[in-house]
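Residues per chain, in single letters:
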Amino acid sequence: MPSTSQSGEVPARSRRADAVRNQQTLLAAAAEVFVTSGVDAPIREIAARAGVGLGTIYRHFPTRADLVVAVYRHQVEACAEAGPSLLAGADSPFEALRQWVDLFVDFLVTKHGLANALQSDSSGFEALHAYFLDRLVPVCTQLLDAAVDAGEIGPGTHAYELMRGIGNLCIGRDSDPRYDPRRLVALLLKGLQRPQSS
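Residues numbered from 1 in each chain as written. Predicted model: local features only at pLDDT ≥ 70, side-chain atom pairs only at ≥ 80, totals over all residues. Heavy atoms only, no water.

### As for the overall build of the protein
Turning to step 1, where the next piece is worked out: The secondary structure content of the protein amounts to nine helices and zero strands.
Turning to step 2, where the next piece is worked out: The N-to-C order of helical and strand elements in the protein reads α-α-α-α-α-α-α-α-α.
Turning to step 3, where the next piece is worked out: Out of the 198 residues belonging to the protein, those deemed buried represent 37%.
Turning to step 4, where the next piece is worked out: Only carbon and sulfur atoms are counted for the fraction: they give 52% of the accessible area of the protein, which is about 11300 Å². (Helix = DSSP H or I, 4+ residues; strand = E, 2+ residues; numbered from the N terminus. Buried < 20%, exposed > 50% of the residue type's maximum accessible area, 1.4 Å probe, protein only. Areas by Shrake-Rupley, 256 points an atom, 1.4 Å probe, with all protein chains shown as cover.)

### Description of the packing of aromatic side chains
Any two aromatic rings considered together are summarised by their centre-to-centre distance and by the angle between their planes.
Turning to step 1, where the next piece is worked out: Evaluated as defined, the whole model comprises five aromatic pairs.
Turning to step 2, where the next piece is worked out: Relative to F132, the ring of F107 lies with its centre 5.4 Å away and its plane at 20°, an arrangement referred to as stacked. Note that F107 is positioned in helix α5 (residues 93-111) and F132 in helix α7 (residues 122-149), a separation of 25 residues in sequence.
Turning to step 3, where the next piece is worked out: Exposure remark for F107: the relative accessible area of 1% places this residue in the buried category. (Phe/Tyr/Trp six-rings, centres within 6.5 Å; stacked < 30°, edge-to-face > 60°.)

### Some words on the packing of helix α8 (residues 159-170) against helix α9 (residues 181-192)
Turning to step 1, where the next piece is worked out: Where α8 contacts α9, the two axes come as close as 9 Å, and the packing angle between them is 150°. By the criterion of interaxial angle, the relationship of α8 to α9 is roughly antiparallel. Where α8 crosses over α9, the handedness of that crossing is right-handed. Residue-level contacts link L162, I166, L169 and C170 of α8 to P181, L184, V185, L188 and L192 of α9. (Axes fitted to C-alpha atoms, helices over the stretch in contact; angles between N-to-C directions. Parallel < 35°, antiparallel > 145°, perpendicular 65-115°, else oblique. Left-handed = near helix turned anticlockwise from the far one by under 90°. Contact = heavy atoms within 4.5 Å.)

### Some words on the side chain of H74
Turning to step 1, where the next piece is worked out: Its place among the elements puts H74 in helix α4 (residues 64-89).
Turning to step 2, where the next piece is worked out: With relative accessibility at 18%, the residue H74 sits in the buried group.
Turning to step 3, where the next piece is worked out: Other than its neighbours up to four places away in sequence, H74 contacts Q24, L27 and A28.

### Describing α4
Turning to step 1, where the next piece is worked out: The terminal C-alpha atoms of α4, which comprises 26 residues, lie 36 Å apart, in line with the 38 Å expected from a rise of 1.5 Å per residue.
Turning to step 2, where the next piece is worked out: Of all the bends in α4, the greatest reaches close to 30° and is centred on A82; the proline P84 follows between one and four positions later. (Expected span 1.5 Å × (residues − 1). Bend = angle between axes of the 7 residues up to and from the residue.)

### With respect to the nonpolar core
Turning to step 1, where the next piece is worked out: Counting 35 residues, the largest nonpolar core has W100, F104, F107, L136 and I166 as the members making the most contacts within it.
Turning to step 2, where the next piece is worked out: Where this core is concerned, the elements lending two or more residues are α4, α5, α7, α8 and α9.
Turning to step 3, where the next piece is worked out: Setting aside residues no more than four positions away along its own chain, W100 makes contact with C79, A82, G83, L86, L136, V139, C140, L143 and M163.
Turning to step 4, where the next piece is worked out: If you look at the next biggest cluster of nonpolar residues, it comprises 17 residues, including A31, F34, I57 and L67. (Core = buried A, V, L, I, M, F, W, Y, C linked by side-chain atoms within 4.5 Å.)

Structural data, given as structure tokens:
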């Protein structure tokens, strides 16, 4: 149990843990809003979803670009951490891959607004892209390898090419709200799957 000082104050470690938890809640809410409304969504919509005031958001993220970059990193970490969990809990490696790709598509929808939010900071964008590849390619590789080992997909599909293909399928959503990349991504995954013998 955390100790309190004679004045009844909670130690700094507990306050830091609360601050981290609050920031994670805020980033998760911002990610949801960005997926549904884009990175230009009103900050008040994010504050309402997170259950915080506008001042809280601006205290943590002084500019929209700061918030978008933080959401981007938060989603990369969520995708990276989800891979092994899905693999451990799904009915099959292919099902884990399918669920992970759903998370990845949500992430990509947010990522497409990133370049606009960063505007002229191309080196910042390149650093984030390298971070994205370093964290997510190994996770996708692990999921693909497990599905190959289970005989659910054939060998030879590389994580980077699959992720790039999925990314290309997601691009059209920006300019056409009627376009649903998930349908085509599902077809892509179905094409990877080996027919199951009855």
